[in-house]
Amino acid sequence: MQLSFVIIDDTELDHFIALKMIRNANKKFRVKSFIDATHALEQITAGDIDKDAKVILVFLDIYMPLMNGFEFVEEFEKLDEAIQNKYYVVALTSSWQISDINRVNSYRSFKKMITKPMKADELSSLINKVTIEYSIHL
Amino acid sequence: MAEKIKILYIDDEMENLTGFKASLRLDYHVFTAVNIPDALNHLAKHPDIRIIFCDQRMPVKTGVEFFEEIRGTHPLPVRILLTAYTDIESVIDAINRGNIFRFVKKPWAPVEIISAIEEANRFYLANSMLSVRNDELQKAYSELDKFAYSVSHDIRGPLSGILGAINVSREMHDIVEMKEMLFLMEKSLKKLDTYILSMHDYYSLQRGELLISDIDFNKLVGEFKDIYKIYSQTANVDFKIEINQREPFRSDVIALKLILNNLLSNAFKYQDKSNNAKSVELIVEVYKGVANIQVKDTGVGILGNHIGEIFNLFYRASSQEAGSGFGLYNVKSALLKLSGQIEVNSVLNKGTTFMVSIPTK
C-alpha cells in the first residue's frame, strides 16, 4: 500500500477506535500506534515507519503528557524536508478551545484538524483528498 | 498579645522626637529619625512600619517632598504630615496630590496623634487586606483558566472516546472485539470518575475548614494497608510499613488521608513493570511534635527536568498510567493548610522517595 497510518495518542480507547475506523475503510492499510509521542518522533527520525509508503497519514492527539502534539510538531519541523514531506499530519483532538484551534493553524505541518470523535465520512474524505494529492492508487 | 504598631517619626528637632517617643512608646513601637537618611534606614530595616509622621519644615527637604519621594518606593505606610498653620498652602497642595493621608498641626496634643494613628492604622489594614484579596483573586483566575482548558480535554476526552466507540460498534460483529472495547471504555470512564473525585478534593482543600483531632497513625495506616493489600498481591509489589508513634499528634484526618493516599497510589502506580523486586515502603515517625512521613518506591522515577513541575496543577510527567494532574497539587495544598513540607528525591529507573513533615496542631 502506498498510503499508511500512524496514530499518536495517550488514550488506549482512542487508538482502538482509530484503528477500527482505518481498517473499516480498507483492511489492507498498515497502522502504527504510539502511546508516547517521543517514541513516534524517534522512529520517524530514523526513517523506520514504513519504507514502502508514498505518504503516511499521522493522527496526532494534542493534549498528552510529556510531549504534547504541539511539541511534537515543533520537533518534526526540524527534520529533513525529505522526511517531513512523507508525512501528512492531522490534529485529532477532543478540544473545542479557540486557543488550541489557533495554535494548530499556526503550524505549517498541520494539514487539518479533526475534532473527536472522528466520523467515518470525515476519514473517507480525508483519505480521498490525500490519495488525489499524492496520486496514489489504492 | 498582638505586636505593637510600628511608627516612624522624622523631625530635625531632637526634643520633638524625644517628646513624641516618650508619650507614645508604651502603646506603639516608635522609631525616630533626625534626618532623611536615618528615616530611609529605618524603612529599609523595618518594611512593616505602618505609619510615618514627618515634620514639614526641615533643612534639605520639606516633609511634602520627602513623602513624594518615598511614595513610589514605600507605598504601604500611611503618611501623616506635622506642620504649623503657616505652612497651610503646602499642606493643601500635598493632600490634593494624594501624598498624605492626614495632617496634624503643631504643636500637637497626644490625643490628636493617637486618633490619627488609629485611623491611619485602619486605613493601612483595609489597604493591605485589599492587596491580599487581589493576589488571591489573581490566583483563582489563573486556576480557572487552567480548569477551562482541562475540562475540554480531561472531561471531553473520555466522553468523545465513548461516543467514538459507540460509532464503531455499529459495524462490529465479533463479541471478543466488542468485549475488548467495553474494557477500554470502562478504563476511560474510570479515569473520568477519578478526575471528578479529585476535583472534589481540590475544592474542599481550597475552601474547606480544618477539623483537628487526635491522630493514631497505626489505625490510620491500617486502613491503607487493607486498601492496598489486594493491589499489592495482584501486582506483586511488596508493601512495607513502619510506624513509630510514642506521643500524641493532632491534625486534620481528612487532609492526612488525602496526602497518604495520593503518595501511596502514585508509588504503586508508577512501578517499573520489568522489575522483579517491586516494593513500596511507608515510614511514619512522630517525634517532638512533628510527624515525618516517607513514601519510598522502586518505580520508574521522575526525569530531573520534570521534578520542579510535578506539584503544578494538571501537570503530568508520565504517559505510563492514567493521571489526572490533580494528585500532587492536592497534596501540596493539603500540606499548606497543615503548615507541612514536602521534599522529593528521584532516580530514573530506580525509584522515588517523598518525604513529608507535618507539625502537630
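How each quantity is defined
Residues numbered from 1 in each chain as written. Chains lettered and ligands numbered in written order. Predicted model: local features only at pLDDT ≥ 70, side-chain atom pairs only at ≥ 80, totals over all residues. Heavy atoms only, no water. Helix = DSSP H or I, 4+ residues; strand = E, 2+ residues; numbered from the N terminus. Rg over C-alpha atoms; globule rule 2.2 N^0.38 Å. Buried < 20%, exposed > 50% of the residue type's maximum accessible area, 1.4 Å probe, protein only. Contact = heavy atoms within 4.5 Å. Areas by Shrake-Rupley, 256 points an atom, 1.4 Å probe, with all protein chains shown as cover. Lys, Arg positive; Asp, Glu negative; His and termini not counted. Charge placed at Lys NZ, Arg CZ, Asp CG, Glu CD. Patch = residues over 30% accessible without salt bridge, like charges linked within 9 Å, V, L, I, M, F, W, Y side chains within 5 Å. Salt bridge = Lys/Arg side-chain N within 4 Å of Asp/Glu carboxyl O. Phe/Tyr/Trp six-rings, centres within 6.5 Å; stacked < 30°, edge-to-face > 60°. pLDDT = per-residue confidence, 0-100. Pairing = 2+ DSSP bridges. Axes fitted to C-alpha atoms, helices over the stretch in contact; angles between N-to-C directions. 1 Å grid on protein atoms, 1.4 Å probe; cavity = no way out; pocket = protein on both sides within 12 Å on 5 of 7 lines; lining within 4 Å. Points joined across faces, edges and corners; volume = space filled by probe spheres on them. Buried area = accessible area lost by both parts, 1.4 Å probe. Domains from an automatic or database assignment. Arc of directions from axis to C-beta. Polar contact = N/O pair within 3.5 Å; in protein donor to acceptor, adjacent residues only side chain to side chain.

Caption draft 1: Seen up close, the overall build of chain B. The helix and strand tally for chain B stands at 10 helices and 12 strands. For a compact globule of 361 residues, the expected C-alpha radius of gyration is about 21 Å, and chain B comes in at 31 Å, more than 25% above that figure. When the backbone C-alpha atoms are referred to their principal axes, chain B occupies close to 100 × 55 × 35 Å. The 361 residues of chain B split such that 41% are buried. Taking all contacts inside chain B whose residues are at least 6 apart in sequence as the whole, residues at least 24 apart take part in 66%. Just so you have it, chain B exposes about 20000 Å², and 56% of that area is on carbon and sulfur atoms. Charge separation in chain B, taken as the distance between the mean sites of 42 positive and 46 negative side-chain charges, equals 4 Å.

Caption draft 2: Geometry of a nonpolar patch on the surface. All names here are of chain B. Taken together, the side chains of Leu137, Tyr141 and Leu144 define a hydrophobic patch exposed on the protein surface, amounting to about 330 Å² of accessible area. Tracing the chain through its elements places leucine 137 in helix α5 (residues 110–169). On the basis of relative accessibility, which here comes to 46%, the residue leucine 137 falls in the partly exposed class.

Caption draft 3: Structural view of the packing of aromatic side chains. Evaluation of the coordinates by the stated rule reveals 28 aromatic pairs over all chains. A centroid spacing of 6.0 Å and a plane angle of 75° characterise the contact between Tyr107(A) and Phe110(A), whose relative ring orientation is edge-to-face. Feature note: the residues Phe147(B), Tyr195(B), Tyr202(B), Phe314(B), Phe326(B) and Tyr329(B) constitute an aromatic cluster, connected by ring pairs.

Caption draft 4: Spatial organisation of the confidence of the model for chain A. Across chain A, pLDDT averages 93, with 100% of residues at or above 70. Mean pLDDT across the secondary structure elements of chain A bottoms out at helix α5 (residues 98–105) of chain A, with 89, and peaks at strand β3 (residues 55–60) of chain A, with 97.

Caption draft 5: Fine view of the sheet that holds strand β3 (residues 51–55) of chain B. Residue and element names in this part refer to chain B. If you walk across this open sheet you meet the five strands as β2-β1-β3-β4-β5, and the pairing is parallel. The open sheet has two edge strands, β2 (29–33) and β5 (102–105), and neither has a second partner. Taken pair by pair, the neighbouring strands of this sheet meet at an average axis angle of 20°, ignoring direction. As judged from the four bridges shared by strand β4 (residues 78–83) and β5, these two strands associate in the parallel manner. Paired with threonine 83 across the two strands is lysine 105, which belongs to β5. The strands touched by helix α1 (residues 14–24) within the sheet are β1 (6–10), β2 and β3, with β2 carrying the most contacts at an inclination of about 180°.

Caption draft 6: Here's a closer look at empty space enclosed by the protein. In total, this model carries two cavities of 30 Å³ or more according to the counting rule given. Its volume calculated, the largest cavity comes out at about 180 Å³. Forming the boundary of the largest cavity are 15 residues, of which Thr11(A), His153(B), Gly157(B), Pro158(B) and Lys191(B) lie nearest the centre. If you list the elements that add at least two residues to the lining of the largest cavity, you get α5 and α6 (175–207) of chain B. Here the lining of the largest cavity gets four residues from one element, more than from any other, and that element is α5(B).

Caption draft 7: Representation of the interface of chain A and chain B in the model. Every contact between the two is made by 25 residues of chain A and, on the other side, 31 residues of chain B. Contact between chain A and chain B buries roughly 2400 Å² in total, counting both sides, with carbon and sulfur atoms accounting for 59%. On the chain A side of the contact with chain B, Leu13(A), Phe16(A) and Tyr63(A) bury the most area, a combined 28% of that side's loss. Where chain A meets chain B, there are two salt bridges. The shortest N-O distance in the salt bridge between Lys187(B) and Glu12(A) comes to 2.4 Å. Taken together, the elements giving at least two residues each to the side of chain A that touches chain B come down to α1 (12–25) and α5 of chain A. If you tally residues by element for the side of chain A that touches chain B, the top one is α1(A), at eight residues.

Caption draft 8: Broad picture of the domain arrangement of chain B. When its domains are assigned, chain B resolves into domain 1 (6–108) and domain 2 (211–361). The straight-line distance from the C-alpha centre of domain 1 of chain B to that of domain 2 of chain B is 54 Å.

Caption draft 9: Helix α3 (residues 63–73) of chain B, seen in detail. Residues and elements named next belong to chain B. Buried within α3 are the following residues: Gly63, Val64, Phe66, Phe67 and Ile70. When α3 is viewed along its axis, its buried side chains cluster within an angular range of 150° and face the same direction. As for α3, its buried residues are in contact with β1, α2 (36–45), β3, β4 and α4 (88–96).

Caption draft 10: Structural context of the side chain of Thr352(B). All names here are of chain B. Positionally, threonine 352 belongs in strand β12 (residues 351–359). The exposure class assigned to threonine 352 is buried, which follows from its relative accessible area of 4%. Engagement of the side chain of threonine 352 in a polar contact is seen with the side chain of serine 346, the distance being 2.9 Å. Sequence-distant contacts of threonine 352, defined by excluding residues within four places in its chain, comprise Val295, Lys296, Asp297, Gly301, Ile302, Val344, Asn345 and Ser346.

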